[in-house]
Amino acid sequence: MNQHIHCSVNNCHYWAEGNKCDANEIVVTSDSFGSSMPDRIDATQASTISATPASSCMETCCKTFVERGSKNINVDGVTRL
Ligand code: SF4
């Protein structure tokens, strides 16, 4: 359960009241990796993703983010809890 993951990105498909993340799993990567990889590369492939070091929090991103209502919600195998 990911009830310990808090998030304020409230237009994400996985966001829930109280600033909770309701995704069954997420993956955080570097911004450069996140912007260069398609939406289907996500938490379900996390064990195969190469290291993506960052110098600050501003260089990291939630790769699992998908905008609410997007046609890409189901392309990565991540589900709501
Ligand atoms: S998937 Fe990422 S952006 Fe979306 S609610 Fe969870 S932590 Fe926030």
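So, here's what we can say about the structure. (Residues numbered from 1 in each chain as written. Predicted model: local features only at pLDDT ≥ 70, side-chain atom pairs only at ≥ 80, totals over all residues. Heavy atoms only, no water.)

**Digging into the overall build of the protein chain**
This is how the line gets drawn: Helical segments are the DSSP runs of H or I of at least four residues, strand segments are the runs of E of at least two, and each set is numbered from the N terminus. Radius of gyration: over C-alpha atoms. The globule rule applied is 2.2 Å multiplied by the number of residues raised to the 0.38 power. We call two residues in contact when some of their heavy atoms are within 4.5 Å. All accessible-area figures derive from a Shrake-Rupley calculation using a 1.4 Å probe, and residue coverage is judged against the displayed protein chains alone.
A tally of regular secondary structure across the protein chain gives 1 helix and 4 strands. Listed by position from the N terminus, the elements making up the protein chain come as β-β-β-α-β. A globule of 81 residues ought to have a C-alpha radius of gyration of about 12 Å, and the protein chain, at 12 Å, matches this closely. Reported as C-alpha extents along the three principal axes, the dimensions of the protein chain are approximately 30 × 25 × 20 Å. Once local pairs closer than 6 in sequence are excluded, the contacts in the protein chain between residues at least 24 apart make up 61%. Within the structure as shown, the protein chain displays about 5,200 Å² of accessible surface, and the carbon and sulfur contribution to it stands at 53%.

**Observations regarding the site of the ligand**
Defined as follows: Whether a residue is near a molecule or strand is decided by its heavy atoms; if any one of them lies within 4 Å of it, the residue is near. Here the nonpolar group is Ala, Val, Leu, Ile, Met, Phe, Trp, Tyr, Cys and Pro; Asp, Glu, Lys and Arg are the charged ones; every other residue, Gly included, is treated as polar.
If you check the shell around the ligand, you find C7, C12, Y14, W15, C21, I26, C62, T64 and F65 and nothing else. Tallied by class, the residues present in the shell around the ligand amount to 8 nonpolar, 1 polar and no charged.

**A closer look at the environment of H4**
Tracing the backbone through its elements, the reader meets H4 in the segment before β1 (15-16). Each C-alpha atom of the pair H4 and C21 lies 8.2 Å from the other, and the pair is 17 residues apart in sequence.

**Here we look at the pattern of salt bridges**
For clarity, the threshold we go by: Here, a salt bridge means any side-chain nitrogen of Lys or Arg that lies within 4 Å of a carboxyl oxygen of Asp or Glu.
Taken as a whole, this structure holds 1 salt bridge when the rule is applied. Across the salt bridge formed by R80 and D22, the nearest N and O atoms sit 3.2 Å from each other. With R80 in the segment after β4 (60-62) and D22 in the loop between β2 (20-21) and β3 (28-30), the pair connects residues that are 58 residues apart, well separated along the chain.

**Comments concerning the environment of G69**
When you line up the elements, G69 lands in the segment after β4. Residues G69 and C12, 57 residues apart in the sequence, show an inter-C-alpha distance of 8.9 Å.

**Topic: the side chain of T64**
This is how the line gets drawn: Pairing of N or O atoms within 3.5 Å defines a polar contact, subject to two protein rules: one partner must be a possible hydrogen donor and the other a possible acceptor, and residues neighboring in sequence count only if both atoms are side-chain atoms.
Mapped onto the elements, T64 comes out in the segment after β4. Separated by 2.6 Å, the side chains of T64 and D42 make a polar contact. In this structure T64 touches Y14, E25, I26, V27, D42, A43 and V78, once residues within four positions along its chain are discounted.

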